[in-house]
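Structural overview
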Amino acid sequence: MNKHTLYTISALIIILGVYGYDYFLNENEKAEIVSEGTSIKKDTNEYFLPTSTTNQVIHHNGYSLSYSEPHEQAEWVAYELKKSHLSNTNHKRPYFEIDNTVKTGAANWRNYRNSGYDRGHLCPAGDRRYNKSAHDETFLTSNISPQKHDFNSGIWNKLEQKVRYWASKYDGVFVITGGILTKNMKTIGDEAVSVPNQFYKILIDNNTGKTKMIAFLMPHKESNKPLYRFVVSVDTIEKLTGIDFFPELDDVIENKLEASSSYKGWSFD
DNA sequence: CTGATTAGC
DNA sequence: GCTAATCAG
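Residues numbered from 1 in each chain as written. Chains lettered and ligands numbered in written order. Predicted model: local features only at pLDDT ≥ 70, side-chain atom pairs only at ≥ 80, totals over all residues. Heavy atoms only, no water.

Going by what an unreviewed UniProt entry lists, chain A is known as Endonuclease and is assigned to Wocania arenilitoris. Listed in UniProt under the heading Cofactor (unreviewed entry), the comment for chain A reads: "Mg(2+)". We quote the UniProt Sequence similarities (unreviewed entry) comment for chain A here in full: "Belongs to the DNA/RNA non-specific endonuclease family." (UniProt positions renumbered as here; feature names shortened; annotations may be inferred.)

Shown next, in the form of structure tokens:
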């Protein structure tokens, strides 16, 4: 065998090793490896990920999250909602599954049974309807938080629909959402899943030329108020959560945008 | 859209 | 335990 042939065969073995390994991993294992930083997501999503106060960031295909073990839920879930993601396809609702990529053990969905609380999506199933696997991926227990049904199907649902409206109008938005996790919260189930007293949602639009942000902070109760009444500054949510949002943004821009509680530039029609 | 619950195998 | 059908805000 000559040298050239040897090099070619060696190269093929290396390529097979790299891609073959990836091919045989299931989705959970892939997510785990990404969370360990041995693989890097090259899309724009990663740019806008907040810091983690719990040191457990997990990347799924359709969203990323930071899991809080003491509260048995995510402190934030982040994802890009592109205009192209918007879809009217109906998928059959799957079962909730324990997220096995959470090393400390994600909550069992049974904690919610007979609790009086919904398994409220953080990344809504309605935002991941572009294909079945993306849709089903939102039914992991790392993506849910206890929510009162009238809140979830009421004002919170209105906000989620407004996000989809903005994603369409502004050619995509980046979304970060979660419950405000504090000490001494009410809990449900054997694993003591915390029930947040407030929920937040932060949006950034970096697609229409001028970067803009908007943040919402809602008490965990149904309301008939208009959505704009819940607008706060990102700084307000950072103070409540200890999370640094948009750390990769230029500091001058970040400071200015995060201090603002103006909703100028966001159409509420 | 957001969800839960019941009946049946 | 899982699935389909049904119901509710």
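Of regular secondary structure, chain A possesses seven helices and 11 strands. Within chain A, buried positions represent 48% of all 269 residues. Across chain A, the fraction of contacts at a sequence separation of at least 24, relative to all contacts at a separation of at least 6, is 68%. Element-wise, carbon and sulfur atoms account for 50% of the exposed surface of chain A, whose accessible area totals about 14000 Å². (Helix = DSSP H or I, 4+ residues; strand = E, 2+ residues; numbered from the N terminus. Buried < 20%, exposed > 50% of the residue type's maximum accessible area, 1.4 Å probe, protein only. Contact = heavy atoms within 4.5 Å. Areas by Shrake-Rupley, 256 points an atom, 1.4 Å probe, with all protein chains shown as cover.)

Another aspect to go through is helix α5 (residues 155–169). The first and last C-alpha atoms of α5 sit 21 Å apart over 15 residues, in line with the 21 Å expected at 1.5 Å per residue. All of the buried residues along α5 are I155, W156, L159, E160, K162, V163, W166 and A167. Summarising the axial view, the buried residues of α5 lie within an arc of 160 degrees, below the 170-degree limit, and thus occupy one face. Positive phi shows up at D171, right after α5, with a value of about 60 degrees. (Expected span 1.5 Å × (residues − 1). Arc of directions from axis to C-beta.)

Moving on, we come to the protein's contact with DNA strand C. As a structural note, the neighbourhood of DNA strand C is formed by K92, Y95, R110, H149, S153 and N157. Counting only the atoms of DNA strand C that lie within 4 Å of the protein, the sugar and phosphate share comes to 47%. Tallied by class, residues from the surface near DNA strand C come to one nonpolar, three polar and two charged. (Near = heavy atom within 4 Å. Nonpolar A, V, L, I, M, F, W, Y, C, P; charged D, E, K, R; others polar.)

Moving on: the packing of aromatic side chains. Applying the stated rule across the entire model yields 16 aromatic pairs. Taking the centre distance of 6.2 Å and the plane angle of 70 degrees together, the rings of Y95 and W109 count as edge-to-face. In this pair, Y95 sits in the loop between β3 (73–81) and β4 (118–121) while W109 sits in the loop between β3 and β4, placing the two residues 14 residues apart along the sequence. In this structure, K162 is placed above the aromatic ring of Y165, and the distance from its NZ or CZ to the ring centre is 5.2 Å. Of note, K212 hangs over the ring of Y170, and the distance from its end group to the ring centre comes to 3.7 Å. (Phe/Tyr/Trp six-rings, centres within 6.5 Å; stacked < 30°, edge-to-face > 60°. Lys NZ or Arg CZ within 6 Å of the ring centre and 35° of its normal.)

So, about a positive patch on the surface. Side chains of K148, K186, K221, K225 and R229 sit close together on the surface and give a patch of like positive charge. In this structure, K186 sits in the loop between β6 (173–179) and β7 (187–188). (Patch = residues over 30% accessible without salt bridge, like charges linked within 9 Å, V, L, I, M, F, W, Y side chains within 5 Å. Salt bridge = Lys/Arg side-chain N within 4 Å of Asp/Glu carboxyl O. Lys, Arg positive; Asp, Glu negative; His and termini not counted. Charge placed at Lys NZ, Arg CZ, Asp CG, Glu CD.)

A few words now on the pairing of β6. Here β6 lies mainly inside the structure; seven of its seven residues are buried. Relative to β6, β3 is paired through five bridges, and the arrangement is antiparallel. Within the sheet, the bridge partner assigned to V77 lies in β6 and is T177. Bridge analysis of β6 against strand β9 (residues 198–205) gives six bridges, and the strand direction is antiparallel. Across the sheet, the residue bridging to T177 is K201, located in β9. (Pairing = 2+ DSSP bridges.)

This part takes up the pairing of β9. In terms of burial, β9 is largely enclosed, as seven of its eight residues are buried. As paired elements, β9 and strand β10 (residues 212–219) share eight bridges and run antiparallel to each other. Paired with Y200 across the two strands is L217, which belongs to β10. With antiparallel pairing between neighbouring strands as the criterion, β9 and β10 make up a hairpin whose turn holds six residues, including G209 at a positive phi of roughly 95 degrees.

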